[in-house]
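A look at the structure
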Amino acid sequence: MFGGPPVNSTTGPDDVLEAWDCWLSPQTFYTFHFTHTGDADVKLLVFRNTMGGVYWAPREGAEVELPATATWKSTGTAGEYYGLVVVNDNGGSASYSLQVTAPDPADVPASPPAAT
C-alpha cells in the first residue's frame, strides 16, 4: 500500500471494517491520504504489529485514529508492519480512498533545536 496507487472502496451496513498490512520504516513521517464521502462515519486506525504474523488488538490499542488525511510519524525503532483498518462506526454508506506516502523531506517541519 505504501507508495502504490490509492485503494478505492465503498462501505455500507454489512461492512464493519476493512484491513491491510503496510510496511513502514521507523521514525518516519508518512501521509495517510484518507478521504471519504457519504453517510458512513468512517475512520482510519493505525496499529503497530509488534508480534509479527497475525495479530489482534482492541480499538484502543491503535497508535492513531484518523478521520481524514493527516501526516503521522511512525513509531518503533525498526521497520515493521502496521495494520491499517478502516472502520464504519454507524453502518452508513460511503465511498473512500486511502493511500500512504512519505512526504518530501523539505515539507516536514524541522525539529526544535536541542537545548544547550
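Residues numbered from 1 in each chain as written. Predicted model: local features only at pLDDT ≥ 70, side-chain atom pairs only at ≥ 80, totals over all residues. Heavy atoms only, no water.

1. Brief notes about the sheet that holds strand E6 (residues 70-73)
Short version of the rule: The rule for pairing is simple: two strands pair if DSSP sees at least two bridges between them. In DSSP terms, a helix is any run of H or I states spanning at least four residues, a strand is any run of E spanning at least two, and both are numbered starting from the N terminus. Axis lines are fitted to C-alpha atoms, over the contacting stretch for helices. Their N-to-C directions set the angle, which ranges from 0 to 180 degrees.
Reading across from one edge, E1-E8-E3-E6 is the order of the four strands in this open sheet, with antiparallel pairing throughout. The sheet is open, and its two borders are formed by strand E1 (7-11) and E6, each paired with just one other strand. If you compare each strand with its neighbour and ignore which way they point, the axes differ by 25 degrees on average. Judged from the eight bridges that link them, strand E3 (residues 29-38) and strand E8 (residues 94-101) form a sheet pairing that is antiparallel. Bridged to Phe32 within E8 is Val100.

2. Observations concerning the confidence of the model for the protein chain
The condition is simple: Confidence scores labelled pLDDT are given residue by residue by the predictor and lie between 0 and 100. Every residue pair with non-hydrogen atoms within 4.5 Å of one another is taken to be in contact.
Confidence along the protein chain averages 84 in pLDDT terms, with 87% of residues attaining 70 or more. Segment residues 111-116: pLDDT under 50, and zero contacts once partners within four positions in sequence are set aside and those in other chains are kept.

3. So, the nonpolar core
Put simply, the rule is: Only buried Ala, Val, Leu, Ile, Met, Phe, Trp, Tyr and Cys residues count toward a nonpolar core, and they belong to the same one when joined by side-chain atoms within 4.5 Å. For every residue, the accessible area (1.4 Å probe, protein chains only) is compared with the maximum for its type, and the residue is labelled buried under 20%, exposed over 50%, or partly exposed between those bounds.
With 19 residues, the main nonpolar core has Leu24, Phe32, Leu44 and Val46 as its most contacted residues. Those elements that place two or more of their residues in this core are strand E2 (17-24), E3, strand E4 (42-48), strand E5 (64-66), strand E7 (80-88) and E8. The dominant element in this core, judged by the number of residues it contributes, is E8, at four residues. Once residues within four sequence positions are removed from consideration, Leu44 is found in contact with Phe32, Phe34, Val64, Glu65, Leu66, Leu84, Val85, Val86 and Leu98.

4. Some thoughts on the pairing of E7
On a regular strand, each side chain points to the face opposite its neighbour's, so the side chains alternate between the two faces of the sheet. Taking burial as the measure, the nine residues of E7 include eight buried ones, the bulk of the element. Relative to E7, E4 runs antiparallel, the two being bridged by seven bridges. Among the inter-strand pairings, Lys43 is bridged to a residue of E7, identified as Val87.

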